[in-house]
Amino acid sequence: MGRPEGGERSQDLLQRREDVRQANFLELFVDLVLVFALAGVVTRVTRDIVSEDLVVRWRSMAFLPVLALPLIWLWITTAHITSWFDPRRRKIQWIVLASAFGLLVMSTSLPYAFVGRGWAFVLPYVILLCGRPLILMPALRGHPLRQLYLRSLLWCAVSAVFWFGGAAVTGVSRAGLWATAVVIDYLGAQLRWAVPGMARSPVSAWATDSRHHLPERYQQFLMIALGETVLAVGTTLTNQKVTAATAAGLVVAFLSTVLMWRIYFYRSGQVLAETVAAAGDRDAAGLAIGTAHVVMVLGIVATAVGFEIVLKHPDGAPEPQWLVASLGGPALFLYGRIRLERVVFDRLSLRRVVAIAALAVAAVPLYLAPPLAAAVLAALVLLGVALADARQAAGRPQEPPSPAH
């Protein structure tokens, strides 16, 4: 898997490696597992959102972030490890493989996440989140990253109480405890895992030692989410009777996915590496970029739930929970894209704000329309944003990033 390390000193794991810009094969393997994991979240949420029980339908949308965010966070922390450390080293490769296996085990528990197999979801997550810093800290003597990892272990110990407590119960109680644990994990990273009485590390939880590797991993992160959407749509239609309505739903779902790809990569998604290089505060830029991608991926996953509903019930009676997925998913994606544009170009994207407002206003009349109508409307709004982007770019040189300093 890599060159032998023999008597290689652990400090060498942190050597500068600006020549290693793209993801290696093991990182791409983790990406494949994440596609499977996010598809499992979509399937799990869709199962409940079409239930006859009103409470179960509303609860399903709350379950989505509780299940998706730990998987996303595990992927992000793995990407940060391979960004700080040389992924050609054997120790890092074993850590990446263990992370992929942990994601796989967590994914297998998703259909039963709140009624059984809670430990299968929790143990890999907590072991990896707490264990990887313990393995890497010996290589960090004298490096500020060691103090950051030490503080992260304290936060991990606190969230582990809620993760394990949730695994010991079932149903809504489990979901509530796990939601608390998710908040602790993400809040800790936002606060650089601050601990009273301990000096803050000059290194951020979102910082990277490579200007190119992590930004490119975030771009691949979006492609993973879009790939999961295609997988979910294709799998669902395979098991459905093909009618004019389901065929139309397939076309709308595919076009919407293409439009989200286009909206992301124009132009902010193309210049992430240049943005990090130009930013006056690379830590703040890394935090903003990472947060924006988490929001966009959650929006794409929610949109995929909406697509599954359309393919299964294209002409069905409308439900408010279905509108939340079909319209709220694209709106959340656009909100994350607004946040990304803010960090890349230091401006507010007004046309995306207008698009979110249009989706919100359209929710009222669409309450009386079948699910397919909501998907079509969302696709038209995304098309409008993409056309507005293209019109602004026509005949102009590519705009360089201008992050805040």
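A quick note: this is a predicted structure, and the numbers were derived from the prediction, not measured.

**Quick notes on the overall build of the protein chain**
Check the secondary structure of the protein chain and you find 13 helices and zero strands. Put simply, the protein chain runs from its N terminus to its C terminus through helices and strands in the order α-α-α-α-α-α-α-α-α-α-α-α-α. A globule of 405 residues ought to have a C-alpha radius of gyration of about 22 Å, and the protein chain, at 21 Å, matches this closely. Principal-axis analysis of the C-alpha atoms gives the protein chain an extent of 65 × 60 × 40 Å.

**Considering the confidence of the model for the protein chain**
Considering every residue of the protein chain, the mean pLDDT works out to 91; 94% of them sit at 70 or more. Taken as a whole, residues 1-10 scores under 50 in pLDDT and shows 20 contacts with residues more than four places along the chain or in a different chain.

**Concerning the packing of aromatic side chains**
A complete count under the given rule lists 11 aromatic pairs for this structure. A ring pair is formed by Phe121 and Trp178, whose centres lie 5.2 Å apart and whose planes are at 25°; its orientation type is stacked. Here the residue Phe121 occupies a position in helix H4 (residues 118-136), and Trp178 occupies one in helix H6 (residues 171-190), the gap between them amounting to 57 residues. Overall, the relative accessible area of 0% leaves Phe121 in the buried class. Site record: aromatic cluster; members linked through ring pairs are Phe63, Phe114, Phe121, Tyr125, Trp163 and Trp178. The lysine or arginine in question, Arg347, covers the ring of Phe345, its NZ or CZ lying 4.4 Å from the ring centre.

**What to know about the environment of Gln240**
By the secondary structure assignment, Gln240 is in the loop between helix H7 (213-238) and helix H8 (244-265). Residue classification places Gln240 among the partly exposed positions, given a relative accessible area of 26%. Each C-alpha atom, one on Gln240 and one on Lys312, is 7.1 Å from the other, the two residues being 72 residues apart in sequence. In this structure Gln240 touches Leu311 and Lys312, once residues within four positions along its chain are discounted.

**Observations regarding the state of the cysteines**
According to the stated counting rule, one finds one disulfide in the structure shown. The partner cysteine of Cys130 in its disulfide is Cys156, sulfur to sulfur 1.9 Å. Classification of the bridge connecting Cys130 and Cys156 rests on its S-S torsion, roughly -95°, and on that basis the disulfide is left-handed. Taken together, the residues span a long stretch of sequence, with Cys130 in helix H4 and Cys156 in helix H5 (residues 144-167) at a distance of 26 residues. Of the two residues, Cys130 and Cys156, neither departs from the other in class, the shared state being buried.

Parameters at a glance
Residues numbered from 1 in each chain as written. Predicted model: local features only at pLDDT ≥ 70, side-chain atom pairs only at ≥ 80, totals over all residues. Heavy atoms only, no water. Helix = DSSP H or I, 4+ residues; strand = E, 2+ residues; numbered from the N terminus. Rg over C-alpha atoms; globule rule 2.2 N^0.38 Å. pLDDT = per-residue confidence, 0-100. Contact = heavy atoms within 4.5 Å. Phe/Tyr/Trp six-rings, centres within 6.5 Å; stacked < 30°, edge-to-face > 60°. Buried < 20%, exposed > 50% of the residue type's maximum accessible area, 1.4 Å probe, protein only. Lys NZ or Arg CZ within 6 Å of the ring centre and 35° of its normal. Disulfide = S-S within 2.5 Å.

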